[in-house]
Amino acid sequence: MNNSTSSSTQQGFPKTFWIANGVELLERAAYYGVFIVITLYLSRILGFTDVEAAWLAGAFSAGLYFLPTFSGALADKIGFRGALLLAFGLLTVGYAALAVFPALLEGQGLVEYGKEATYHGLKEADIRWAIVPILIVIMIGGSFIKAVITGTVAKCTTTANRAKGFSIFYMMVNIGAFSGKTVVKPLRESMGDLGLINLNYFAASMTLIAFFSIFLFFKSTETNSESKSLGEIWNALIKVLGNGRLISLTIIISGFWMVQHQLYATMPKYVLRMAGEGSSPSWYANVNPLVVFLSVSLVTAMMSKRSALSSMTIGMFIMPVSALLMASGNMFAGTETILGMHPIAAMMIIGIVFQGLAECFISPRFLEYFSLQAPKGEEGLYLGFSHLHSFISSLLGFGLSGYLLEAYCPDPRIFDTHAEWAAAASHAHYIWYFFAAIATVSAVSLIIYGAVIKRLDANKTEEVELATA
């Protein structure tokens, strides 16, 4: 069946559509369950320092944002079914390797795992860097998913039901993300550090189910004869990098996403170290998509008569407030609880609420504004690299997080006494001041950018009018 030729009046969806959305839910559950604790896994299970773990996690995240455009081109050549089988095969192997790799280290006598890992030379052993090829396998597998699933949804929908189809797709994404992060808390509470290892069996199981679902039920083998070659995509990237307007906008928006990425880079370690092991960073992270789900339609409607740049600027100025709220937990040191929680945890959640609101103002309008800065007729080509900001912000945001955690909120396990750690972490909240400053600079830069672009466009219009007079 050729899904792309379905009747334009069709209101239902073919079986392929539901299979694609179902495996998307499974993949998101696997990914977010692992990613919310990836820096904890790298530090607590493999013994990497905060800085090493941050750069590894940042490079992993950056690759997942950079590769999909290229993976999408390959998927068009080999067919969506083949691409999905390859993707879920790689993901299953990768997640299973995250679970098995620690057992190999333990078998060599380098570490003992339980509620808390006990190292016997692991921190000095080069073998722990074997995690890099494992992360690369997951990164390559994951890079196929977004392009292929969204492409499948597009092919399985018509003009009449496309909006509804993508609405279902994004609902599945959020259900998967929410459920994956929810699994983390009971595992960690019941097993301690060992739960961070066993979580990967859950992820591998999800992607294995997805693999067999595609193998048994996904029959579409369409290829796109008009798809771009890898060379054409690379040339498009070079053109984007040479476009001053787009690169300036990308760098400015990267400031917002650097702060946004702290939901995964800094927040889990920060709340566990400052509010105690009873904290639930995986559940706190779910506050962000919940706020976006509840608020994005209202915010979009409210800003419908305002320009995309105006909406984005409002969101950018909300972000410093979010970071300052996250820092303010230390101000309530004498307060036992706020809303029944540790003050640091409570203020972190309130900060995440504001972070979600900022995203409502920025994300829906960014692609619109980005496309307007591209040359006429080449919007689609340029939009393929609209997530360059997340590539940049993943590297810089995670990398900076590692240095800040090491400087202001170090791992309590490396200190002999609690008093020594308390002294070293007395200014832990300074971390969020750095991100508040980054968000503020980005917000002001966006205003300057808008003014400069407006003047350049006005001058260009004036030149055209003079030339045609």
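Residues numbered from 1 in each chain as written. Predicted model: local features only at pLDDT ≥ 70, side-chain atom pairs only at ≥ 80, totals over all residues. Heavy atoms only, no water.

Visitor: So what exactly am I meant to see when it comes to the packing of helix α4 (residues 68–78) against helix α6 (residues 131–155) here?
Guide: Between two packed helices, both the angle of their axes relative to each other and the distance between the axes serve to describe the pair. It is the contact of α4 with α6, at a shortest axis distance of 8 Å, that shows an interaxial angle of 65 degrees. In terms of axis orientation, α4 runs roughly perpendicular to α6. The handedness of the crossing between α4 and α6 comes out as right-handed. Contact residues: α4 offers Pro68, Ser71, Gly72, Leu74 and Ala75, while α6 offers Ser143, Phe144, Ala147 and Val148. (Axes fitted to C-alpha atoms, helices over the stretch in contact; angles between N-to-C directions. Helix = DSSP H or I, 4+ residues; strand = E, 2+ residues; numbered from the N terminus. Parallel < 35°, antiparallel > 145°, perpendicular 65-115°, else oblique. Left-handed = near helix turned anticlockwise from the far one by under 90°. Contact = heavy atoms within 4.5 Å.)

Visitor: Looking at this model, I keep getting lost on a nonpolar patch on the surface. Mind explaining?
Guide: Where nonpolar side chains cluster on the molecular surface, the patch consists of Phe317, Val444, Ile447, Ile448, Val452 and Leu456 and spans about 500 Å² of accessible area. Here the element with the most residues in the nonpolar patch is helix α20 (residues 430–468); it accounts for five residues. For Ile448, the location among the structural elements is in helix α20. (Patch = residues over 30% accessible without salt bridge, like charges linked within 9 Å, V, L, I, M, F, W, Y side chains within 5 Å. Areas by Shrake-Rupley, 256 points an atom, 1.4 Å probe, with all protein chains shown as cover. Salt bridge = Lys/Arg side-chain N within 4 Å of Asp/Glu carboxyl O.)

Visitor: Explain the packing of aromatic side chains to me, please; I cannot follow it from the model alone.
Guide: Centre-to-centre distance and the angle between the planes together describe a pair of aromatic rings. In total, this model carries 20 aromatic pairs according to the counting rule given. Plain terms: the ring middles of Tyr408 and Phe434 are 5.9 Å apart, the flat faces sit at 45 degrees to each other, and that makes the pair tilted. Taken together, the residues span a long stretch of sequence, with Tyr408 in helix α18 (residues 388–408) and Phe434 in helix α20 at a distance of 26 residues. Of the residues examined, Phe434 reaches a relative accessible area of 36% and is grouped as partly exposed. (Phe/Tyr/Trp six-rings, centres within 6.5 Å; stacked < 30°, edge-to-face > 60°. Buried < 20%, exposed > 50% of the residue type's maximum accessible area, 1.4 Å probe, protein only.)

Visitor: Got a minute to help me understand the pattern of salt bridges in this structure?
Guide: Close approach of charged atoms allows side chains of opposite charge to pair. Inspection of every chain in the model, using the stated rule, returns 10 salt bridges. Here Arg44 ties to Asp193 by a salt bridge, and the two come within 3.7 Å at their closest N and O atoms. Of this pair, Arg44 sits in helix α2 (residues 38–45) while Asp193 sits in helix α8 (residues 193–217), and the two are 149 residues apart along the sequence. Exposure remark for Asp193: the relative accessible area of 1% places this residue in the buried category. Each of Arg44, Glu116, Arg188, Asp193, Glu277 and Arg413 takes part in salt bridges that share partners, so that together they form one network.

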